[in-house]
Amino acid sequence: ALDPLSASVLMVGAAVTWQLLSHQPWFSCRFVECCNMNDTLNNSALKVKLDTKLFGQHLAKDVVLKAVMGFSNNPSPKKPLTLSLHGWAGTGKNFLSQILAEHVHRAGLRSKFVHLFLATLHFPHHDQLKVYKEQLQNWIRGNVSACPHSVFIFDEMDKMHPGLIDAIKPFLDYYEQVDGVSYRKAIFIFLSNAGGDLINKAALDFWTSGKQREEIQLKDLEPMLSVGAFNNKNSGLWHSSLIDRNLIDYFIPFLPLEHKHVKMCIRAEMKARGYAVDEQVVQAVADEMTFFPKEQKIYSDKGCKTVQAKLDIHED
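Everything numeric here is computed off the predicted structure, so don't read it as measured data.

Asker: Please give an account of helix α14 (residues 279–287) that cites residues and values.
Answerer: Every buried residue of α14 is listed here: Val-281, Val-282, Val-285 and Ala-286. The buried side chains of α14 occupy one side of the element, clustering within an arc of 135 degrees when seen end-on. Among the exposed residues of α14, those pointing more than 90 degrees away from its buried face are Gln-280 and Asp-287. Contacts made by the buried residues of α14 are with α13 (259–272), β6 (291–292) and α15 (307–312). One side-chain oxygen of the residue at the start of α14 lies 2.9 Å from the amide nitrogen of Gln-280, identifying that residue as Asp-278.

Asker: Just give me the short version of the UniProt feature "binding site: ATP" (unreviewed entry) in the protein chain, but keep the residues and values in it.
Answerer: Feature annotation in UniProt places "binding site: ATP" (unreviewed entry) on Gly-87, Trp-88, Ala-89, Gly-90, Thr-91, Gly-92, Lys-93 and Asn-94, given in this structure's numbering. When the annotated set is filtered for residues lining the largest cavity, what remains is Trp-88, Ala-89 and Thr-91. Tracing the chain through its elements places Ala-89 in the loop between β1 (81–86) and α6 (93–104). Note on Ala-89: relative accessible area 27%, which makes it partly exposed. If you trace the backbone, Asn-94 turns up in helix α6. Asn-94 sits in the partly exposed class, given a relative accessible area of 32%. Residues contacting Asn-94, with those up to four places away along its chain left out, are Asp-155 and Leu-191.

How each quantity is defined
Residues numbered from 1 in each chain as written. Predicted model: local features only at pLDDT ≥ 70, side-chain atom pairs only at ≥ 80, totals over all residues. Heavy atoms only, no water. Buried < 20%, exposed > 50% of the residue type's maximum accessible area, 1.4 Å probe, protein only. Helix = DSSP H or I, 4+ residues; strand = E, 2+ residues; numbered from the N terminus. Arc of directions from axis to C-beta. Contact = heavy atoms within 4.5 Å. Polar contact = N/O pair within 3.5 Å; in protein donor to acceptor, adjacent residues only side chain to side chain. UniProt positions renumbered as here; feature names shortened; annotations may be inferred. 1 Å grid on protein atoms, 1.4 Å probe; cavity = no way out; pocket = protein on both sides within 12 Å on 5 of 7 lines; lining within 4 Å.

What follows is the structure in structure tokens.
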């Protein structure tokens, strides 16, 4: 056993050592989440994750990967990276935003540097619009001050009150600083069902004309998405200065999913649950999904959104 003096010396020495080490980022960041995008973002890993987990969305994968790689490799971006994801429910918008969040901050949506806003939850009352604008500005300002690499995800943009999102316009613009805070290294992601009908029609037109799905290019859809969102009173971006000032870097379409993509989702869910993939079960679950148009039945009307629930009833 140590005598009291020796024990005291050891305790003091340990305390001093801890104080010295705790001020070293390489040490403290092993115990407390740190704001450092460059330590966590791995572009190769992001590509693999998108290739193996996001099905039927060649446009979204290509655009997001190039946008994020370019942004992360730029030591001095002129503005925050701002993406607007459009398409019907179940096509992968939320899933992609989660993957991206995880590759900026390891904890993903659990990270204190990743912030998810739901229009119907956080901004439910139209008569509180002025209050919401002030709260939103203060929230973003405070979090970017704490972490320049903050990620902000706005879901249900099609349910957001028109004009509310314009409150963050100064933060997305080409300013070096706003009230002493730089927002240039932050990422903003908008998710919306608005424009889904336009995307579905374009995809069906390609199919009808005998073209391959993979032939659809961003230039075929992005212009009509930006115009459609600007003129759609239900888009949350209706007559928004974010569009008028060209502050959204990319309008990214999510295409409707075909039978083969739904089956990919089913197989992936089975693997995630630790099951061996049973093609009879895959087919049975796929057969319970509904597809459109009514005659051709090409595309799933709910994407992969109900796959988990439908797979539950096929568990032994």
